[in-house]
Amino acid sequence: MTLYTASPEVRAALDAGTPIVALESTIITHGMPWPQNLEMARRVEDTIREGGATPATIAVIGGTLHIGLTDDQLHTLAQAKNVAKLSRADMAVCMAQGGTGATTVAATMIAARLAGIGVFATGGIGGVHKGAEESFDVSADLQELAQSPVTVIAAGAKAILDLPKTLEVLETLGVPTIAVGQDALPAFWSRSAGHKAPLRMDEAKDIARAQLLRQALGLPGGQLVANPIPESDEIPHAVMAPIIAQATADAEAHGIRGKQVTPYLLQRIYELTEGRSLTANIALVLNNARFGAKIACELCALREEMKLPA
Ligand code: PSU
Ligand code: MN
């Protein structure tokens, strides 16, 4: 049984052993509005190609796990309504029922591991939500980072999350959280929210080497690379903090729970910032795609040097 279908472009890269960067689809269906979502998805793919790697956007369509989407599939998904948001818990159920679903960070990592793709670029990961001591809302993304050997490049964790608690859980799970080019933990729209990252690495090559050494040591799981948004695109934390507080209060007042929490907050913050959060979001994803392609190239070169299989 073949578990997934690779697009022609991704199939060629897998066969040739050339660099590949996985991309999630929940950011398209639940993270950004139409039509900016499609434009972002295409630009991210092009950025990865310009960086010398092959983009592999991942989604479940009609029960089939697709690794690499055609432009038609991307277009359809970006406009589709009522697409499921898939994580570790429901990915196989969606496939068994012939459903269509977008992959979160967790589900994208599962697919990447399956295809032997070691690098994945996105915007933000899920984490420990504010008030988690009451709601127990901790994203399955964190557990996945502890299990699947994929280096995930994100712009840190969004400040809608409880960042110190997110760092604690990552540490408990044995996941390295690595800030790039600075000591502070990037906070998505902002370069910092005043928290220090546990680790710092400035070179893509070192990050690739650390992933290979992790595997050589027999440690499961991946790495979280927290790449700060470029200065010119950042919205300072002092501006974001009251907006995030307002959005969080609105979510509470409307009784938003479970899977709806992250998409609701993103949409509300988009409204409250009059679209500025989306512009920043797109800029940081492109920045992560650029760095992800670099890490994927280094990973390929190192595997060759160390004579490791893909
Ligand atoms: N953060 C964003 N945009 C997103 C998400 C997170 O800035 O689209 C999505 C990702 O797919 C992530 C998921 O894996 O939300 C986390 O959802 P939850 O908190 O329900 O695990
Ligand atoms: Mn959750």
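Cut-offs used in this document
Residues numbered from 1 in each chain as written. Chains lettered and ligands numbered in written order. Predicted model: local features only at pLDDT ≥ 70, side-chain atom pairs only at ≥ 80, totals over all residues. Heavy atoms only, no water. Helix = DSSP H or I, 4+ residues; strand = E, 2+ residues; numbered from the N terminus. Rg over C-alpha atoms; globule rule 2.2 N^0.38 Å. Buried < 20%, exposed > 50% of the residue type's maximum accessible area, 1.4 Å probe, protein only. Contact = heavy atoms within 4.5 Å. Lys, Arg positive; Asp, Glu negative; His and termini not counted. Charge placed at Lys NZ, Arg CZ, Asp CG, Glu CD. 1 Å grid on protein atoms, 1.4 Å probe; cavity = no way out; pocket = protein on both sides within 12 Å on 5 of 7 lines; lining within 4 Å. Points joined across faces, edges and corners; volume = space filled by probe spheres on them. Nonpolar A, V, L, I, M, F, W, Y, C, P; charged D, E, K, R; others polar. Near = heavy atom within 4 Å. Polar contact = N/O pair within 3.5 Å; in protein donor to acceptor, adjacent residues only side chain to side chain. Areas by Shrake-Rupley, 256 points an atom, 1.4 Å probe, with all protein chains shown as cover.

1. Considering the overall build of the chain
Tallying secondary structure elements over the chain gives 13 helices and eleven strands in all. Over its C-alpha atoms the chain spans a radius of gyration of 18 Å, differing by no more than 12% from the 19 Å that the globule rule assigns to 310 residues. In terms of overall dimensions, the chain has a C-alpha envelope of 50 × 40 × 35 Å along the principal axes. In the chain, which comprises 310 residues, the share counted as buried stands at 53%. Considering only contacts in the chain between residues 6 or more positions apart, those separated by 24 or more positions represent 74%. Side-chain charges in the chain split into 25 positive and 32 negative, and the spacing between the mean points of these groups amounts to 2 Å.

2. Quick look at the layout of surface pockets
The volume enclosed by the largest pocket comes to roughly 580 Å³. Taken together, 35 residues line the largest pocket, and the ones lying closest to its centre are Lys85, Thr104, Ser139, Asp141 and Thr262. Elements supplying a minimum of two residues to the lining of the largest pocket: helix H2 (26–29), helix H8 (140–147) and helix H12 (261–272). The dominant element in the lining of the largest pocket, judged by the number of residues it contributes, is H12, at four residues.

3. Re empty space enclosed by the protein
Unoccupied space between atoms shows up once a probe the size of one water molecule is rolled over them. The tally for this structure, following the rule as stated, stands at two cavities of 30 Å³ or more. Quantified by volume, the largest cavity comes out at close to 80 Å³. Around the largest cavity sit Leu23, Glu24, Ile27, Ile28, Met40, Ala41, Val44, Thr57, Ala121, Thr122 and Val285, which together line it. Of all elements in the fold, only H2 and helix H3 (36–50) reach the threshold of two or more residues within the lining of the largest cavity. If one sorts the elements of the lining of the largest cavity by residue count, H3 sits on top with three residues. Residue classes in the lining of the largest cavity are distributed as eight nonpolar, two polar and one charged. Taken as a whole, the second largest cavity encloses approximately 50 Å³ of empty space.

4. Re the site of ligand 1
The environment of ligand 1 is made up of 16 residues, and the closest members are Glu24, Lys85, Ser139, Asp141 and Lys158. Within the backbone of glycine 124, one N or O atom sits 3.4 Å away from a nitrogen atom of ligand 1. A distance of 2.7 Å separates an oxygen atom of ligand 1 from a polar side-chain atom of serine 139. Here ligand 1 has 470 Å² of accessible area as a free molecule, and 93% of this is covered by the chains. Secondary structure elements with two or more residues in the shell around ligand 1: H2 and H12. Looking at side-chain class alone, the shell around ligand 1 contains four nonpolar, eight polar and four charged residues.

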